[in-house]
Structure formats: C-alpha cells, structure tokens
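# Examination of the molecular architecture
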Amino acid sequence: MSTGSGGTQVPPAGTHRCVAGATLRCQCGGGTDGLRGRAVSWSCAAPMFPFLSRCDMALRRVLALGAALGRRRCCSKPSLSPDFVEALRAVVGAPNVSTATAVREQHGHDESMHPCAPPDVVVWPQAVGQVQELAALCHRCRVPMVPFGTGTGLEGGVNAVQGGVCFDLSRMDAIAELSLEDFSVTVEPGVTRKALNKHLRGTGLWFPVDPGADASLCGMAATGASGTNAVRYGTMRPNVLNLRVVLPDGRLLHTAGPRRQPRKRAAGYDLTSLFVGSEGTLGFLTQATLRLHPLPEATAVTVASFPSVGAAVACTVQVLQAAVPVARIEFLDEVMADACGRFSQMELPAAATLLLELHGSRRSLAEQQQQMEEIVQQNSGSSLAWAEGLDEREQLWSMRHNAWYAALALRPGCQVRHKDGDSGDSTPGAASATGLPSLAQGYSTDVCVPISRLPDVVVETKQDLQASGLTGPMVGHVGDGNFHCILVFNSQDPDEAQRIHAFTQRLGRRALAAGGTCTGEHGVGLGKRALLQEELGQEGLDTLRSIKAALDPHNLMNPGKVL
C-alpha cells in the first residue's frame, strides 16, 4: 500500500474485492503522480445485474432503456474504492463529498419518468480549478462523470447509468460580470434564471428564456432549453455568447476565447453552439456569458378559448403570418385547460385555449391588442380581457408553468407536494410545487414542426391520443411549432407503458415526416436516441460520434446519453 500526497492511501495495482464480494480490477495501475496522491478507480470484473421487479424490467424494456439502465438502480451500492473517494475529498474537502444513499438517489434522477440511476459518489466543487482537478482525476482513473445542476430536466440527463461521480455545480453560484452597456452577463452554473432576473432588477434588463422550472442557466445551455418566450427572444442557443468549459481531461476551454463577448463572430468553427445542447456529454459548463434584453415598457396578457384544437392552432399561425410581435403564445387543449384551472384554482373553460402575451411601448401595445382581437374573432375565439397588472400576469403564467403537476394530478395515486411539504390541496398558483408520483408517472413528449404543418400534426396527435385511450393533455409553445403531450400512466402496468412507448414513437415519426424534430427543447437524453438516428441519418450520427470521440475518447462524460 503506497501513500500519495496528503496521506492518501493508494493500493497497488491488481485485483481486489468489493463490499458485495465481486472481483474488482484496477483500471489505471497503482502508484502516485504527485497530484493529490493518485487514487485508483475500481470496476467490477463480473457483470452487475441488480435484481429488478417484473414491472421495472417491462417498463425499461418497452422504453428501450434496458442496455443503458440495466446496470444501475436506486439501491445500488457504491462501487468506487475508499481510496478514490479519499482522493476526491482531498480536492474539495470532506463536507463536499457524499456517498450517502439518500444523497446519491437524489442525484440519480430528474423530473422524468426514467428510473433512478444513482452515481457512486456526489461532489460539490466550488471553483473552476476544483472542477478541473476532479475531472483530471476521474479521467486518469477512467471513472464516469455526470454534471448536475438543479435536476429539473425531463429526459433523464442526470441519471448516472454507469455510476461514477456526480458533479453538483450548484455551489458555484457567482454572477461574475454584468455589463449594462454591452447587454451581457457572465454567470456560474449555480445561478438559476430566477436568481439572475432578481439580480437584474432596477437595471432595465432581463434574461427572457423561460423553460418554466427555475433551472440552472448553464444547465439550460447544456440542454438547449427554450420555453414560453422563445417566439420573441429565441432559445438558449442565440442567447449564449461564450462558455467556459472544463473538458473531460481537465483542460479549460473558452468557446469564443477568454473574456470575449461579441454580438456576432465569424472566426472559425462555432464552438459555443457545439456545447449548447451537448447535454453534459462533451464537458462541464462552468461559466456562461449570456445576452440580456431590455425590459418592455408595457406588457399585456390575455386568455382566448376556441371551439376546437384546430381553431386554436390556426389562430396561432395567422397571428404569426400577420407579423404581430407576440412575446408568448401558449396552447392548452381542453383537458389541460381544465386540469390547470382546477390545480391552480382559477376559472378557466374546459376548451382549447391560447395564452397570449404582448410586449412593447404603451402606444404600440394598443395596436397589437386590436390586431390580436380581430384574428381571434376570425377563428371563433372568445372575447378577450387583457391583464396588465403584474400580479394578474404572474398568476396566469404560474398556472401555465404548473401544467406538468396539473397533468400528474389527473391520475389517482399521484401525489403532488410543495417544497415546504404540504399536500398542495389549498395553495393557489402553486409555483413551487414538485410532483412526487407514487403509481402514476409522467412523460412529456417534445416534438417541434414547421409552423405550416402545425395544425395538421396537432390534430392528428389529438386523434391518436384518443384512439390509444391514453391520458395525455397537450400543451405547447406553438409560436415556434413546439408542443408537448404530458402522458400520465400507471408505472405498475406494463401494458399501458407499452402503449405509451408506441404512441411516443408514432408522434416522433409524425414530426419527422412533417419536416420537424423529435425534440425542440428537452434534449435527447436517454429516451430519444433511436429517433435521433432517424432524424440525422447515419452520416449525421457518425459525425456526432466523431466529435464525441475527439473530445471524450474514453466516453466518460455522461455516458449513455444522446448517442
């Protein structure tokens, strides 16, 4: 047994036994290299297939996740050696490293229905230098690494399907630089969108990308998030000017060059866009420079009800064709409208519904409102009552942002609780609710199609839902052709899970046939890898694999995702 710097005990190369009695083999040899004491990564030489119930196996099989998830489950024991964990503690300190089961399980899933897959250990770096040291250690020892922000994703992006080390970056929460004249801000990964906009109060600026959840801004960049304001202000991609990335081997990359934030550039390959939407598979986003926007002088919100889904979507297309500078245009089908109204304790007709928001000067707003009212009436919509006060507007958007939890509440056996622990039964506008389903689980589809094909695809999808006998209220950012079916199902019913899987595959292929994409904002994650191949073709997928191999040749960064 050798000793590294700081007194870290490093066992010699060879074969050892893990706590479960399986044979462990050293992956990088013994000895030290003078950097924290070289720790050794251990992997089980015998395959690990934890016991799964019949329903768990059926659910994973129909969702095509067996290959990725069959190795991990929520009660999996850590498989990394104590010496390796000690080496992690030497970098960030003992309080910032945890192997506790509850902590690992908390970091082994997001808001999606994908089964929990916990990491072996969770670390909380607090500076970019620590991220570099940890990454270099894991890279030398061939230990998988999974970035973690707030865990609000919907595609299993944080699930540690091959175990390894989870990097929780939430304690790196500095707003490093704000330039009011340049309309830009630089933030660390622990800064959420709400925290940033709170910091910007009084400046006349804001960051408008709003996926609903109070997500980490670097996490939003990693998934290519968008949300309700994308029709006016764009998605994360055009709003990210630069990224500071820790590569899998610990090297540091500034995608647009150190401290650069030009509004446009044509210098070489667009590395910033490469990492936006990379879902943690190419490196750690440890800082993002973002584009800010002026706050509008005036804002008005209204709700319009329609006799059919087709009429509501047709109205959306006409609003865009008329060049009304709408800031948000959100769609709810009659099931979702009814669910949102009841969950948030607001009066909302059980009918196809559009939520519309306009931004501008007070003079221009009056003209836009008149245009909007005429188009809504042409499509048999209800008369409009505009809300311009902050409280009224926030209440309406809180209702919309809680659509996920409202949908989960449609099924018996689904419990919806607030962060403060109450049942949510008596709190209107539950903006901080988190769904904790028991038997009922939710899965959100995420297709995006060209605007011209949107009415047909939405109507066909609605018919498919009804024919399939599934609970799947529809909601969407229809201003940019993106809509979701929030599918709520019994996780203990393999037959229903099979019907869910078949429906999602049909919907994905329907979107592709219409010239769209299988995911507009949630990302590929675990569940859309097969559809990604159909979308890009073999040459496209091979190109992605070549990029991945160049930056992460050992497949250590968030393995099992995207590709």
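Structure: above.
A brief structural summary. Keep in mind the model is a prediction, meaning the values are calculated, not measured.

Rules of the game
Residues numbered from 1 in each chain as written. Predicted model: local features only at pLDDT ≥ 70, side-chain atom pairs only at ≥ 80, totals over all residues. Heavy atoms only, no water. Axes fitted to C-alpha atoms, helices over the stretch in contact; angles between N-to-C directions. Helix = DSSP H or I, 4+ residues; strand = E, 2+ residues; numbered from the N terminus. Parallel < 35°, antiparallel > 145°, perpendicular 65-115°, else oblique. Left-handed = near helix turned anticlockwise from the far one by under 90°. Contact = heavy atoms within 4.5 Å. Nonpolar A, V, L, I, M, F, W, Y, C, P; charged D, E, K, R; others polar. Salt bridge = Lys/Arg side-chain N within 4 Å of Asp/Glu carboxyl O. Buried < 20%, exposed > 50% of the residue type's maximum accessible area, 1.4 Å probe, protein only. Pairing = 2+ DSSP bridges. Core = buried A, V, L, I, M, F, W, Y, C linked by side-chain atoms within 4.5 Å. Expected span 1.5 Å × (residues − 1). Arc of directions from axis to C-beta.

### Some words on the packing of helix α11 (residues 309–321) against helix α16 (residues 454–468)
Interhelical geometry of α11 versus α16 gives an angle of 160° and a closest axis separation of 9 Å. By the angle between their directions, the pair α11 and α16 is classed as roughly antiparallel. Note that α11 runs across α16; the crossing there is right-handed. Contacts from V309, G310, V313 and V317 of α11 reach α16 at L454, P455, V458, V459 and K462.

### As for the packing of α16 against helix α17 (residues 494–513)
The packing of two helices is summarised by the inter-axis angle and the distance between the axes. Between α16 and α17, the shortest axis-to-axis distance is 11 Å and the interhelical angle comes to 165°. In terms of axis orientation, α16 runs roughly antiparallel to α17. Crossing angle aside, the handedness with which α16 passes α17 is right-handed. Seen from α16, the contacting residues are V457, E460, T461, D464, L465 and S468; seen from α17, they are R499, F503, R506, L507 and R510. Partitioned by chemical class, the residues of the contact of α16 with α17 number 4 nonpolar, 2 polar and 5 charged.

### Some details on the pattern of salt bridges
The final tally for this structure, using the stated rule, is 19 salt bridges. Ionic pairing is found between D210 and R328, a salt bridge with its closest N-O pair at 3.9 Å. With a gap of 118 residues between them, D210 in the loop between β12 (205–206) and α7 (217–223) and R328 in strand β18 (residues 326–332) connect regions that are remote in the sequence. Judged by its relative accessible area of 7%, D210 is buried. Here R328 falls in the buried class, since its relative accessible area comes to 8%. Note that K462 is salt-bridged to D333, the shortest N-O span being 2.6 Å. Note that K462 is positioned in helix α16 and D333 in the loop between β18 and α12 (334–343), a separation of 129 residues in sequence. Here K462 falls in the buried class, since its relative accessible area comes to 10%. Residue classification places D333 among the buried residues on the basis of a relative accessible area of 0%. Residues joined by salt bridges that share partners form a network here, namely R193, D210, R328 and E357.

### Some remarks on the sheet that holds strand β23 (residues 474–477)
Taken together, 6 strands build an open sheet; the order of strands is β17-β19-β18-β23-β24-β22 and the sheet is antiparallel. Pairing within the sheet leaves two strands with one partner each, and these edge strands are β17 (298–306) and β22 (440–444). Taking the axes of each pair of neighbouring strands and ignoring which way they run, one obtains an average angle of 20° across the sheet. Bridge count for β22 against strand β24 (residues 482–490) is 5 bridges, and the pairing is antiparallel. Paired with S444 across the bridge in β24 is I486. Sheet contacts for α11: β17, β18 and β19 (352–360); angle to β18, the most-contacted strand, approximately 170°. Against the sheet, α16 contacts β18, β23 and β24, and its axis sits at roughly 10° relative to β24.

### Digging into the sheet that holds strand β9 (residues 165–168)
With respect to topology, 4 strands assemble into an open sheet ordered β6-β7-β9-β8, the strand pairing being mixed. Edge positions in the open sheet fall to β6 (97–98) and β8 (145–148), since each of these has one partner strand only. Judged from the 3 bridges that link them, strand β7 (residues 121–123) and β9 form a sheet pairing that is parallel. Bridge pairing in β9 places V121 opposite V165. Of the strands in this sheet, β7, β8 and β9 are in contact with helix α5 (residues 128–141), which crosses β9 at around 170°.

### Brief notes about unusual backbone geometry
The backbone of N555 shows a phi angle near 55°, a positive value even though the residue is not glycine. With respect to the helices and strands, the residue N555 is situated in the segment after α18 (529–551). Unusually for a residue other than glycine, N558 sits at a positive phi of about 45°. Within the secondary structure layout, N558 lies in the segment after α18.

### So, the nonpolar core
One finds F306, F331, L354, M372 and F483 to be the most contacted residues of the largest nonpolar core, which totals 45 residues. The element that contributes the greatest number of residues to this core is α11, accounting for 6 residues. Apart from residues lying up to four places away in sequence, F331 is in contact with V309, A312, V313, A352, T353, L354, V458, M474, V475, G476 and V478.

### Structural notes on helix α13 (residues 362–378)
Here α13 is 17 residues long and its end C-alpha atoms lie 25 Å apart, about the 24 Å a rise of 1.5 Å per residue gives. What α13 keeps buried is the set L365, Q368, Q369, M372, I375 and V376. Down the axis of α13, the smallest arc covering the buried residues is 135°, so these residues share one side. Turned more than 90 degrees away from the buried face of α13 sit R363, E367, Q377 and Q378, all of them exposed. Contacts made by the buried residues of α13 are with β17, α11, β18 and β19. In the segment just after α13, S380 is the residue with positive phi, at about 65°.

### Let's talk about the pairing of strand β11 (residues 184–187)
Going residue by residue along β11, you find S184 and T186 tucked away on one face and V185 and V187 tucked away on the opposite face as well. Hairpin connection between strand β10 (residues 175–179) and β11: a loop of 4 residues separates the two successive antiparallel strands, and F183 in this loop has a positive phi of roughly 55°. Bridge count for β11 against strand β15 (residues 284–291) is 4 bridges, and the pairing is antiparallel. In the strand pairing of β15, V187 is matched with A288.

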